Amino acid sequence: MTERVTLITGASAGIGTELARIFASNGHRLALVARRADRLAALADEITAGGGAAPIVIVCDLEQPGAIDSIAAALAAEGVEVEHVVNNAGFGLFGRAIELDRAEQLSIIAVNIRAMTDLSLRFSDQLIRHRGGILNVGSIAGFLPGPGMAVYYASKAYVLSFSEALRCELAPRGVRVTVLC
């Protein structure tokens, strides 16, 4: 039987770190993804010291186009399958959209939308096989427009809409999809 993992992005800080601790305390083996190797290593050590299974640490930047391929390859190399996906990684910028750096705003879309969508779909066969789940971290921002953070708010509206639609599609196959706002 193939070992199952819970994949958590943005695990090096904030909500991602706390979700990792919660999943680990409930007996999940984790695959932790983030850019900051030192923080991921510290979290992995903390989980292991607390009696949890040694997490798989995957250092990568979800903004990069090949990031999800790298994650999939790392998991395949470990011989594990994904049972749960926690799409927590994301960021936003304050300021008027027309005045902020366009490339940085497109990076918000790359992380908050493209990577979240790719991860949700990439492992769907495994999620179905293991009757697992997806937790997409959205925001109350997904329910309204956000002058001063236009791209971030719009990205969270996407997270909400995508999650609700995916829930309808995957529920009959035994997969739970939840969006945290």
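Remember, it's a predicted structure, so these values are computed and weren't measured experimentally.

### Points about the overall build of the chain
Across its full length, the chain carries six helices and six strands. Start at the N end of the chain and walk to the C end: the helices and strands fall as β-α-β-α-β-α-β-α-α-β-α-β. In the chain, buried positions account for 46% of the 181 residues. Considering only residue pairs separated by 6 or more positions, the chain has 66% of its internal contacts joining residues 24 or more positions apart. Accessible surface for the chain amounts to roughly 8,900 Å². Of this, 55% is attributable to carbon and sulfur atoms. Both charge centroids of the chain, one from 16 positive and one from 18 negative side chains, sit 5 Å from each other.

### Quick look at helix α3 (residues 67-78)
Its 12 residues place the ends of α3 17 Å apart at the C-alpha level, agreeing with the 16 Å of an ideal helix rising 1.5 Å per residue. For α3, every residue scored as buried is listed here: Ala67, Ile68, Ile71 and Leu75. Seen along its axis, α3 keeps its buried residues to an arc of 100°; they face one direction. Among the exposed residues of α3, those oriented more than 90 degrees off its buried face are Ala76 and Ala77. Against the buried residues of α3 lie β1 (3-9), β2 (30-34), β3 (56-59), β4 (80-87) and α4 (102-122). Of the residues trailing α3, Gly79 is marked for its positive phi of about 70°.

### Re the sheet that holds β4
Taking strand neighbours across the sheet as the criterion, the six strands line up as β3-β2-β1-β4-β5-β6 in an open arrangement whose pairing is parallel. Two strands in the sheet have a free side with no partner beyond their single neighbour: β3 and β6 (176-180). Each strand axis lies, on average, 20° off the axis of its neighbour in the sheet, ignoring direction. In the sheet, β2 pairs with β3 via four bridges, with the strands oriented parallel.

### Examining a nonpolar patch on the surface
Together, Ile140, Phe143 and Leu144 make up a nonpolar patch on the protein surface, roughly 320 Å² of accessible area in all. Structurally, Leu144 can be placed in the loop between β5 (133-137) and α6 (150-170).

### Quick look at the side chain of Thr9
Within the secondary structure, Thr9 sits in strand β1. The buried category is assigned to Thr9, whose relative accessible area is 1%. The residues contacting Thr9, other than those within four sequence positions of it, are Val33, Leu62, Val86, Asn87, Asn88, Ala89 and Leu119.

### Structural notes on α4
A turn of α-helix holds 3.6 residues, and therefore any two residues three or four places apart point the same way. Given a rise of 1.5 Å per residue, 21 residues ought to cover 30 Å, and the 28 Å separating the end C-alpha atoms of α4 matches this to within 8%. Its axis deflected by about 30° at Ala110, α4 carries its strongest bend there. Buried residues of α4: Gln105, Ser107, Ile108, Ala110, Val111, Asn112, Ile113, Ala115, Met116, Thr117, Leu119 and Ser120, and no others. Where α4 is buried, its residues meet β1, α3, β4, α5 (124-129), β5 and α6. The backbone nitrogen of Ala103 lies 3.1 Å from a side-chain oxygen of the residue at the head of α4, namely Asp101.

Definitions and limits used
- Residues numbered from 1 in each chain as written.
- Predicted model: local features only at pLDDT ≥ 70, side-chain atom pairs only at ≥ 80, totals over all residues.
- Heavy atoms only, no water.
- Helix = DSSP H or I, 4+ residues; strand = E, 2+ residues; numbered from the N terminus.
- Buried < 20%, exposed > 50% of the residue type's maximum accessible area, 1.4 Å probe, protein only.
- Contact = heavy atoms within 4.5 Å.
- Areas by Shrake-Rupley, 256 points an atom, 1.4 Å probe, with all protein chains shown as cover.
- Lys, Arg positive; Asp, Glu negative; His and termini not counted.
- Charge placed at Lys NZ, Arg CZ, Asp CG, Glu CD.
- Expected span 1.5 Å × (residues − 1).
- Arc of directions from axis to C-beta.
- Pairing = 2+ DSSP bridges.
- Axes fitted to C-alpha atoms, helices over the stretch in contact; angles between N-to-C directions.
- Patch = residues over 30% accessible without salt bridge, like charges linked within 9 Å, V, L, I, M, F, W, Y side chains within 5 Å.
- Salt bridge = Lys/Arg side-chain N within 4 Å of Asp/Glu carboxyl O.
- Bend = angle between axes of the 7 residues up to and from the residue.
- Polar contact = N/O pair within 3.5 Å; in protein donor to acceptor, adjacent residues only side chain to side chain.

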